[in-house]
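Residue-level structural notes
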Amino acid sequence: MRNTRNIVLTVLLFVASVAVWELVVRVLALPSFILPPPSQVAVALWRGLASGVYIEHLGYTLLETLLGFVVGSALGFFLGTAVAMNRYVEFFFYPYIVMFQSLPKVALAPLIVVWFGLGLTSKVINAALVAFFPLLVNTMVGLKSADEDRVSLMRSLAANERQIFWMLRLPNALPFVMAGLDVAMIFALIGAIVAEFVGAQRGIGMLIQSMNFNMDVSGQFSLLLILSVVGLILNRGIGLIRRRVMFWDPSEKETFERSPEEAATPHPGRAVVTPAKEGVGS
Amino acid sequence: MPPVVTEAIAVRNLSKGYATRDGGVAALERISFAVGEGEFVAVVGPSGCGKSTLLKILAGILPPSSGQAMLRGTPIVGPRRDIGVVFQSPVLFPWRSVLDNVLLPVDVQGLGRERHRTAALELLSLVHLEGFEHRYPWELSGGMQQRVAITRALVHDPAMLLMDEPFGALDAMTREHMNVELQRIWLERTKTVLFITHSIPEAVFLADRVLVMTPRPGRLMDDLAVDLPRPRTLEVMNTPGFGEYARHIRGRFNVKGGIDA
C-alpha cells in the first residue's frame, strides 16, 4: 500500500514539473534554441527513436562504454592487486599512479583521438582510462583493509600468503571492488562521450555535438534524457551484480526480501529449528 | 630412552619485549610454567599484563625474545596444526556460511572436506547450533557466533585449545551460560586448554589451575590449583569454597597494587 502511494506521488511530481516547465517556456515566450518546451523535446525524442538514428548511435556509444569499462576495470583491478600485494611495485609505481590520478583524464581525450583515430579504439581507450582509477584505488584499499584478527586467525592455522589472499583478502576486498565498479561504469560512459565530442563518426556524443552546431536544442535535450536513462540502467545493472556477489553482506539485504515469519522472529535461524523439535515433542 | 612427555605446554624463562620509540617495553618477563595433558588452565591478570602476548607466542604467530616454549615436547617455531585458537571476537568470515566457517581450518590445511563435514555437524550440535549450518554470521547473535568460533577451533581435532578472553565481549548472562557450555564441551572432548581471562570468577569456575599474572611486565605471581568437583554448576559460585579461591586471587592483585579491569 505504501508502495502504491509512493509510485503515485512520484508520477504526480514528474507530471507537475514537466507542466511547470512547459508553462514557463510558453508564458515567457523563450526561444526554443535557448530552452525548448518539453513537448518539443518529446517530439524530437520520438523522431530520433522512430527513425532508428538514436538507436544506432546509442548502440555504438554503449559498445564503447562497456568495452572501456571491462578493459579499464580489469586493468585497475590487476594493477591494484599488484600494488597492494607487492612492496616493490608499490614503491616504484605508486608515485606515478598518484601523479596520473591528479590529472583530469578527460583532458587526455584530444591526444587519445590523435593517436588512435576517429574510430572505436580511441573511445574505448578513453573510457578505460577514466574507468581505471576507481577500481585501482578501491581494490588496493580493499585488499589492505583485511581485519588484523582475521589475518592472525589465518596465520594461527598455518595458512600461507597465497591462502590468506584467496580465502581472506580477496573476499574482504569485494565490497570495495563492487563500489569501484559502480563508479567506473558511469565514468566509462563519461569517457566515451567526451572522446566522441573530440572526434568521432558515430555515437551519442558526436550527435550532440552536431546538433549543437545546428542549434537543435530540443534534439540535444532528448539525447540528454536518453543518456541519463542509460546511466541509470547501467548503474542498476551493477547493483544487480553486487547483490548476487555479496549475498552475505547484511547491508545488501532488505527487509522485504525476508518472509513474514522470518521477519517476525528475533533470530531468523530459529524458524528452521523450532518446528522440527515441536514435531518430535507433540 | 627419553622420559615420556606428559606436559602439553612447557614454558621456561620466556620473555617478550617490544621495541618502542623511547626504548623498549617488557610484555613478559621470565615466565615459567607447565600444563599437563588434558588440563584446563586459566591465566588471569589485569589488562596489559601480556596475557595475549603469551597466547600469540604459544600459537606460533609471535616469536619470543628469549626463553623457550614447547608444545608436547617440541619447541614452537611457527603456527602448528595441533592447536585450535579462539580469539576475543568470533573472527568469522561473513562470506562463509556457519558450516564453511567451521571448515576453514580444514580448507587451509587441506584435510578433506568430506571427511570433516560429519565432525563439523556433530560439533555444531554439541554447541546447540544444529540447523544453523547454512546460515550466515550476520544472522547469529554474539553468543552463537562465539560458539561457531569454538567449533571452528575444534574441527580438526587439535590436542590443544588456546582461548584468548573468548567471552570478554559478551554480556554477563550470556558469558555465564557460555562458561557452563565450555565446561560441558571440555568434559566431553578432553583437550588441553589454556584459557586467558581477566575475570577471576570465570577463571575459578572453569579451571583446574589458575595462573595469576602481574601487570607490566607480566610475571607469574601465583599458581593455584582449584579443587572443586566437576561438573560445576553456576551455583558453585555461591559456595564458600569458590569464594575462598576468588578472594585469594583478588588478594594477590591487591598486594601488587590493584587490578584495573
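In this text, all values refer to a predicted model and were calculated from it rather than measured experimentally. (Residues numbered from 1 in each chain as written. Chains lettered and ligands numbered in written order. Predicted model: local features only at pLDDT ≥ 70, side-chain atom pairs only at ≥ 80, totals over all residues.)

Bringing the overall build of chain B into the picture now. The secondary structure content of chain B amounts to eight helices and ten strands. Taken over C-alpha atoms, the radius of gyration comes to 18 Å for chain B, in line with the 18 Å a tight globule of 261 residues would show. Taking the principal axes of the C-alpha coordinates as reference, chain B spans close to 50 × 50 × 45 Å. Of the contacts made within chain B by residues no fewer than 6 positions apart, 71% connect residues no fewer than 24 positions apart. (Helix = DSSP H or I, 4+ residues; strand = E, 2+ residues; numbered from the N terminus. Rg over C-alpha atoms; globule rule 2.2 N^0.38 Å. Contact = placed C-beta atoms within 7 Å.)

Now for unusual backbone geometry. Here the amide bond leading from Arg230 of chain B into Pro231 of chain B is cis, since omega sits at -5°, within 30 degrees of zero. Structurally, Pro231 of chain B is set in the loop between β10 (220-225) and α8 (240-255). With a phi close to 70°, Ala158 of chain A is a non-glycine residue in the positive phi region. Structurally, the position occupied by Ala158 of chain A is in the loop between α7 (148-156) and α8 (161-198). Even without being a glycine, His128 of chain B presents a positive backbone phi close to 60°.

Bringing the packing of α8 of chain A against helix α9 (residues 204-213) of chain A into the picture now. All names here are of chain A. α9 packs onto α8 with a crossing angle of 45° between their chain directions and a minimal axis gap of 7 Å. Of the possible angle classes, the one that applies to α8 and α9 is oblique. Regarding α8 and α9, the two cross each other, and that crossing is right-handed. Contact residues: Ile193, Glu196 and Phe197 in α8; Ile204, Gly205, Met206 and Gln209 in α9. By residue class, the composition of the contact of α8 with α9 is four nonpolar, two polar and one charged. (Axes fitted to C-alpha atoms, helices over the stretch in contact; angles between N-to-C directions. Parallel < 35°, antiparallel > 145°, perpendicular 65-115°, else oblique. Left-handed = near helix turned anticlockwise from the far one by under 90°. Nonpolar A, V, L, I, M, F, W, Y, C, P; charged D, E, K, R; others polar.)

Moving on, we get to the sheet that holds strand β2 (residues 23-36) of chain B. Sheet strands pair by backbone hydrogen bonding; their relative direction is either parallel or antiparallel. Residues and elements named next belong to chain B. Taken in spatial order, the four strands of this open sheet run β2-β1-β4-β5, and their pairing is antiparallel. The strands lining the two open edges of the sheet, one partner per strand, are β2 and β5 (74-75). The pairing of strand β1 (residues 7-20) with β2 spans ten bridges and is classified as antiparallel. Considered in β2, the bridge of Gly17 is made with Ala26. (Pairing = 2+ DSSP bridges.)

On the chain B side, the residues contacting the 21 residues of chain A number 23 residues. Top element by residues in the side of chain A that touches chain B is α7 of chain A. It accounts for seven residues. Residue composition of the side of chain A that touches chain B, grouped by class: twelve nonpolar, five polar and four charged.

In this section: the pairing of β10 of chain B. All names here are of chain B. As judged from the five bridges shared by strand β9 (residues 209-213) and β10, these two strands associate in the antiparallel manner. Along β10, the bridge assignment pairs Arg209 with Ala225. Linking β9 back to β10 in an antiparallel pair, the connection comprises six residues, with Arg216 at a positive phi of about 25°.

Turning next to the sheet that holds β10 of chain B. Residue and element names in this part refer to chain B. The strand order across the open sheet formed by six strands is β6-β7-β8-β3-β9-β10, and the pairing between neighbours is mixed. Each end of this open sheet is capped by a strand with a single partner; those strands are β6 (83-86) and β10. Direction aside, neighbouring strands of the sheet carry axes that sit 15° apart on average.

Every other side chain in a regular strand lies on the same face of the sheet, so the side chains alternate between the two faces. Residue and element names in this part refer to chain B. In terms of strand pairing, β1 meets strand β4 (residues 66-71) through five bridges, oriented antiparallel. Paired with Ala10 across the strands is Met70, a residue of β4. Across two bridges, β4 lies against β5 in antiparallel orientation. Along β5, the bridge assignment pairs Leu71 with Thr74. Here β4 folds back onto β5 in antiparallel fashion, the turn holding two residues, of which Arg72 has a positive phi close to 50°.

With that settled, the discussion passes to the packing of α8 of chain A against helix α10 (residues 217-245) of chain A. Residue and element names in this part refer to chain A. Where α8 meets α10, the closest approach of the two axes is 10 Å, and the angle between their N-to-C directions is 165°. The angle between α8 and α10 places the two elements in the roughly antiparallel class. The way α8 lies across α10 gives a crossing that is right-handed. Touching Leu174, Met178, Leu181, Asp182, Met185, Ile186 and Leu189 of α8 are Gly231, Leu234, Asn235, Ile238, Arg242 and Val245, all from α10. Grouping the constituent residues of the contact of α8 with α10 by class yields nine nonpolar, two polar and two charged.

It is worth spelling out the confidence of the model for chain B at this point. For chain B, per-residue confidence averages 85 on the pLDDT scale, and 95% of positions sit at 70 or higher. The ipTM assigned to the predicted complex is 0.83, against a pTM of 0.78. (pLDDT = per-residue confidence, 0-100.)

What follows deals with the environment of Leu104 of chain B. Residue and element names in this part refer to chain B. Along the chain, Leu104 falls in helix α3 (residues 104-108). Using a count of 22 C-beta atoms within 10 Å as the deciding quantity, one classes Leu104 as buried. Note: C-alpha distance between Leu104 and Leu92 (twelve residues apart in sequence) is 9.6 Å. Apart from the residues lying within four places of it in its own chain, the contact partners of Leu104 are Phe93, Arg96 and Arg152. (Buried ≥ 20, exposed ≤ 12 C-beta atoms within 10 Å, placed from the backbone.)

Turning next to the confidence of the model for chain A. Residues and elements named next belong to chain A. Of the residues in chain A, 88% have a pLDDT of 70 or more, and the chain-wide mean is 85. Per-element mean pLDDT across chain A ranges from 31 in helix α12 (residues 270-281) up to 94 in helix α3 (residues 53-85). For the stretch residues 254-282, pLDDT sits under 50, and the model shows 15 contacts to residues farther than four places along the chain or on other chains.

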